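Below, each chain spelled out in residue letters.
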Number of protein chains: 2
Amino acid sequence: MKQFVLGLAAALLMTAAHAEPTATGDLGLVIERATGSVLLVDQSDRAALARIEGLGDLSHASLVYSPDERFAFVFGRDGGLTKVDVVTRQIAKRVVQAGNAIGGAISDDGTLVAVSNYEPGGVRVFDADTLDLVADIPTGSKTIGLVDAPGRRFVFTMWDTGETWIADFARGTDPQITKITDMGKNPYDALITANGRTYITGLFGQDGLTALDLWDETPEPIRVLPGYGRGQQEMPVYKMPHLEGWAHTGAEFVLPAVGHHQVLWVDADTLTETGRTQTYGQPVFAMARPDGRQVWVNFAHPLNDTIQVIDTVSKQVIHEFKPGPAVLHMEFTPRGHEVWISVRDANTVMVYDTHSFEKLREIPADSPSGIFFTARAHRTGL
Amino acid sequence: MKQFVLGLAAALLMTAAHAEPTATGDLGLVIERATGSVLLVDQSDRAALARIEGLGDLSHASLVYSPDERFAFVFGRDGGLTKVDVVTRQIAKRVVQAGNAIGGAISDDGTLVAVSNYEPGGVRVFDADTLDLVADIPTGSKTIGLVDAPGRRFVFTMWDTGETWIADFARGTDPQITKITDMGKNPYDALITANGRTYITGLFGQDGLTALDLWDETPEPIRVLPGYGRGQQEMPVYKMPHLEGWAHTGAEFVLPAVGHHQVLWVDADTLTETGRTQTYGQPVFAMARPDGRQVWVNFAHPLNDTIQVIDTVSKQVIHEFKPGPAVLHMEFTPRGHEVWISVRDANTVMVYDTHSFEKLREIPADSPSGIFFTARAHRTGL
């Protein structure tokens, strides 16, 4: 009986926040950048469920999920690290861990959350349960391109020094650090492939990109597309493309060109160019539908009202449409049947069928930017 | 106030079953074949949470998950289709839909559940909410190798006639059916690649395998490894390997050889053989760790107490151990840091670290066989 009363008390307590039984596999959060809030959404119902406020400066914010898809760790530009509980729909914990931050990652076992900082430069690592600081890794540089890799590792790169470091937490919270020098001049972003093997940095200060094979015992910088860049033609660059937006279609990567109205196709094995597709504007994100058959591309200002869909077999644009002003981000449902699109200046998230291209729903949101579905919890490098 | 009272009533109702707020991203179900029950497990806690009973004959059972990771659809050998609610930890619905069944699949949008039947032959398709029959597709043959493909499609193959059918439900519940003949003699199982592009059948009645490119407008049978099989050397076959157990390591598939103590490496692009690795016994499952760096192999009776781990770069066995009698199945955590192993005759599920190979936990279970983590909800063809 005592157990029942306790159970009842717990149930009553829950009603204060949210008491329905909640499965979390088809949920997501949309960053509302202007208001420092996130919108909890349900993919199956194509609906907003709740707004959670008080997350600070969310311009350029991103987030990762705990393995149980219950908690989101939101990385704000102001150095705020906020742990959001998508079951009770409340902020579980919040710390301001630096003055100016840019993204983060969660270890493959879900126990460590790392944040990449501009001010002060470096990476700070937190206990995912408590948000207590467990490791501080100063780098003497603005730190970018932070990703997780298998085996409780984090990989990140220094804008000022052109070094990439691998911090290996396999043995606890005192990391073993491997430093790779000569990655190139002013790396500005990086990605890791979905299998956690290849880490690729984009360079601001020179043409080309630099890759590392993390399966190598002693990874060495590999130059990629050395003749490619914004250098020679001196195109104006409205917005550096997000490297996280690289599409991996199986045999090839699709890379948004810097400063050109093109996407580039790169052989995933040899990292050599295999083709180019002319696009409507300067691409920002080039994202593959999960089955790899289509790549959806959005564009930099002032052409950011448009999306083009490219067939990955023919490499041709097969569909073009204008969702509305300021298309900032796209997120596919995990099996790719639908895509959600943030249209910031329409204050709307739009949901489309990826086979018929039919618009299925408009969901009001306050200046929406990044959309993050909980299925990301199960993937490396997101 | 009325809403609060209703909310309270709902909360009280829940305590009858299970009232804790539940995130479902790190849960799983283990088939207990002898007792017709499933064991609900938690990956993060490495623990069993509850046993759900009354699922009928679960020999050779498998299951798929709804997109929200709340419901499992369990396909029993006796034709039973049971919908299990992992949040309330109860059977939500159960129908006996045929006399003898072999596996099933869920459409990419989560609305249709299909079951493949021996008796009577054919495929039956059910509404995922209600389990009402929405389409009956008689095939005049034992039907095997049923998988989902993008765009509300199911693909399945006929043992007796050697045909593969694609049932396309894009336009509702009245499928458009494409029939491909001449897939080979007595196909016994099939798989679809993770991107939903390539469907491959194993053949019992002749050497080799047969593939289909589902991205082709009119898919034609493609012969794979025509010189490979059990035919010429007439090896005794203790157990046909599961094709679902094919490992895809990025550039290559790893195929458990039929009747030989080998796994075969096949180029994923050209479907030609690239190598062989000698193994301890006749492989049953050859499963890639999610990052593709390792392949874990178990073996047919009487060598089924052992697991070998193969490095996919060197193609060499790097680790071998004996978890115990009758190792039936393995399931990796979605990001691959741990693996769960069913050891049937030890009545135990064992959890190992895939980097250190250390055993982390033993969990009692009643004759455990298949282990299915909820992250499968987000993947094609599982």
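Residues numbered from 1 in each chain as written. Chains lettered and ligands numbered in written order. Predicted model: local features only at pLDDT ≥ 70, side-chain atom pairs only at ≥ 80, totals over all residues. Heavy atoms only, no water.

Focus: the overall build of chain A
- Scanning chain A from terminus to terminus reveals 1 helix and 32 strands.
- Expressed as a percentage of its 382 residues, the buried residues of chain A come to 60%.
- Within chain A, counting contacts between residues at least 6 apart in sequence, those at least 24 apart form 40% of the total.
- Put simply, chain A shows about 14,200 Å² of open surface, and 48% of that area lies on carbon and sulfur atoms. (Helix = DSSP H or I, 4+ residues; strand = E, 2+ residues; numbered from the N terminus. Buried < 20%, exposed > 50% of the residue type's maximum accessible area, 1.4 Å probe, protein only. Contact = heavy atoms within 4.5 Å. Areas by Shrake-Rupley, 256 points an atom, 1.4 Å probe, with all protein chains shown as cover.)

So, the pattern of salt bridges
Residues and elements named next belong to chain B.
- Within the structure shown, the criterion is met by 34 salt bridges over all chains.
- A salt bridge links Arg 70 to Asp 85; the shortest N-O distance between them is 2.7 Å. On the criterion of sequence distance, the pair formed by Arg 70 in the loop between strand E4 (62-65) and strand E5 (71-75) and Asp 85 in strand E6 (residues 80-85) is long-range, its members being 15 residues apart. We note that Arg 70, like Asp 85, is buried.
- In this structure, the salt-bridge partner of Arg 124 is Asp 136, at a minimum N-O distance of 3.3 Å. Of this pair, Arg 124 sits in strand E10 (residues 122-127) while Asp 136 sits in strand E11 (residues 133-137); the two residues are 12 residues apart in sequence, bridging distant segments of the chain. (Salt bridge = Lys/Arg side-chain N within 4 Å of Asp/Glu carboxyl O.)

Regarding the packing of aromatic side chains
- Counting across every chain of the model gives 18 aromatic pairs over all chains.
- On the numbers, 5.9 Å between centres and 75° between planes, the contact of Phe 154 of chain A with Phe 169 of chain A is edge-to-face. Of this pair, Phe 154 of chain A sits in strand E13 (residues 153-158) while Phe 169 of chain A sits in the loop between strand E14 (164-168) and strand E15 (176-180); the two residues are 15 residues apart in sequence, bridging distant segments of the chain.
- Owing to a relative accessible area of 0%, Phe 169 of chain A belongs among the buried residues under this scheme.
- When the centroid spacing of 6.0 Å and the interplanar angle of 55° are considered together, the rings of Trp 296 of chain B and Phe 357 of chain B count as tilted. Taken together, the residues Trp 296 of chain B in strand E25 (residues 294-299) and Phe 357 of chain B in the loop between strand E30 (348-353) and strand E31 (359-364) connect sequence positions 61 residues apart.
- Aromatic ring contacts, followed pair by pair, group Trp 296, Phe 321, Phe 332, Tyr 352 and Phe 357 of chain A into a single cluster.
- Above the plane of the ring of Phe 71 of chain B lies Lys 83 of chain B, whose end atom (NZ or CZ) is 4.4 Å from the centre.
- One cation-aromatic arrangement involves Lys 315 of chain B over Trp 265 of chain B; the distance from NZ or CZ to the ring centre is 5.0 Å. (Phe/Tyr/Trp six-rings, centres within 6.5 Å; stacked < 30°, edge-to-face > 60°. Lys NZ or Arg CZ within 6 Å of the ring centre and 35° of its normal.)

A short note on the sheet that holds strand E19 (residues 222-224) of chain A
All names here are of chain A.
- Read across the open sheet, the 4 strands follow the order E16-E17-E18-E19; overall the sheet is antiparallel. Here the strands that pair on one side only, and so sit at the sheet edges, are strand E16 (187-192) and E19. Averaged over neighbouring strand pairs, the angle between their axes works out to 25° when direction is ignored.
- Both strand E18 (residues 209-213) and E19 contribute to a ladder of 3 bridges, which runs antiparallel. Bridge assignment links Leu 209 to a residue of E19, and that residue is Val 224. (Pairing = 2+ DSSP bridges. Axes fitted to C-alpha atoms, helices over the stretch in contact; angles between N-to-C directions.)

A closer look at the pairing of strand E32 (residues 368-373) of chain A
Residue and element names in this part refer to chain A.
- Counting buried residues along E32, 6 of its 6 residues qualify, which places the element largely inside the surrounding structure.
- Where strand E1 (residues 27-32) and E32 come together, 4 bridges link them in antiparallel fashion. What sits directly across from Val 30, in E32, is Ile 371.

Thoughts on the pairing of E5 of chain B
All names here are of chain B.
- Most of E5 sits out of view: 5 of its 5 residues are buried.
- Where E4 lies against E5, 4 bridges are found, and the strand directions are antiparallel. Looking at the pairing, Leu 63 lines up with Val 74 of E5.
- Between E4 and E5, which pair antiparallel one after the other, the connecting turn spans 5 residues, and Glu 69 there sits at a positive phi close to 60°.
- Taking the residues between adjacent antiparallel strands as the criterion, E5 and E6 are bridged by 4 residues, where Gly 79 takes a positive phi near 90°.

Description of the sheet that holds E15 of chain A
Residue and element names in this part refer to chain A.
- Taken in spatial order, the 4 strands make up an open sheet running E12-E13-E14-E15, and their pairing is antiparallel. Bordering the open sheet on either side are strand E12 (143-149) and E15, each of which pairs with just one other strand. In this sheet, neighbouring strand axes are inclined to one another by 20° on average, regardless of whether the strands run parallel or antiparallel.
- Sheet topology places E14 next to E15; 5 bridges connect them, and they run antiparallel.

Points about the confidence of the model for chain A
Residues and elements named next belong to chain A.
- Counting all residues, the mean pLDDT for chain A is 89, and 90% of those residues have values of 70 or more.
- Here residues 1-16 scores under 50 on pLDDT; set against residues more than four positions off or in separate chains, the count is 11 contacts.
- Overall fold confidence for the complex sits at a pTM of 0.93, while the interface term, ipTM, reaches 0.92. (pLDDT = per-residue confidence, 0-100.)

Here we look at the side chain of Gln 262 of chain A
Residues and elements named next belong to chain A.
- Mapped onto the elements of the fold, Gln 262 is located in strand E22 (residues 262-267).
- Relative accessible area serves as the criterion here: at 11%, Gln 262 is assigned to the buried category.
- Those residues within four positions of Gln 262 in sequence are excluded, and the remaining contacts are Leu 255, Pro 256, Ala 257, Arg 276, Thr 277, Gln 278, Thr 279, Gly 281 and Pro 283.

Examining unusual backbone geometry
All names here are of chain A.
- Cis geometry marks the peptide bond from His 301 to Pro 302; its omega dihedral reads 5°.
- Mapped onto the elements, Pro 302 comes out in the loop between strand E25 (294-299) and strand E26 (307-311).
- Residue Arg 89 is not a glycine yet carries a positive backbone phi of 65°.
- Position of Arg 89 among the secondary structure elements: in the loop between strand E6 (80-85) and strand E7 (90-96).

Structural notes on the environment of Pro 226 of chain B
Residue and element names in this part refer to chain B.
- Mapped onto the elements, Pro 226 comes out in the loop between strand E19 (222-224) and strand E20 (247-248).
- Expressed as a C-alpha distance, the spacing of Pro 226 and Gly 172, which sit 54 residues apart in the sequence, is 39 Å.
- Dropping the residues within four chain positions of it, Pro 226 is found in contact with Asp 207 and Gly 208.

Quick notes on the environment of Gln 308 of chain B
Residues and elements named next belong to chain B.
- Topologically, Gln 308 is positioned in strand E26 (residues 307-311).
- The spatial distance from the C-alpha of Gln 308 to the C-alpha of Gly 162 is 34 Å, given a sequence separation of 146 residues.
- The residues touching Gln 308, leaving out its near neighbours within four places in the chain, are Thr 279, Tyr 280, Val 295, Trp 296, Val 297, Phe 299, Val 317, His 319 and Glu 320.
- Within the local environment of Gln 308, its side chain forms a polar contact with the side chain of Glu 320, the two groups lying 2.9 Å apart. (Polar contact = N/O pair within 3.5 Å; in protein donor to acceptor, adjacent residues only side chain to side chain.)

Considering the environment of Leu 382 of chain A
All names here are of chain A.
- With respect to the element layout, Leu 382 can be found in the segment after E32.
- Take Leu 382: its relative accessible area is 35%, and that puts it in the partly exposed class.
- In this structure, the C-alpha to C-alpha distance between Leu 382 and Asp 129, residues 253 residues apart in sequence, is 20 Å.
- Non-local contacts of Leu 382, meaning those with residues more than four positions away in its chain, are made with Val 64, Asp 148 and Arg 376.

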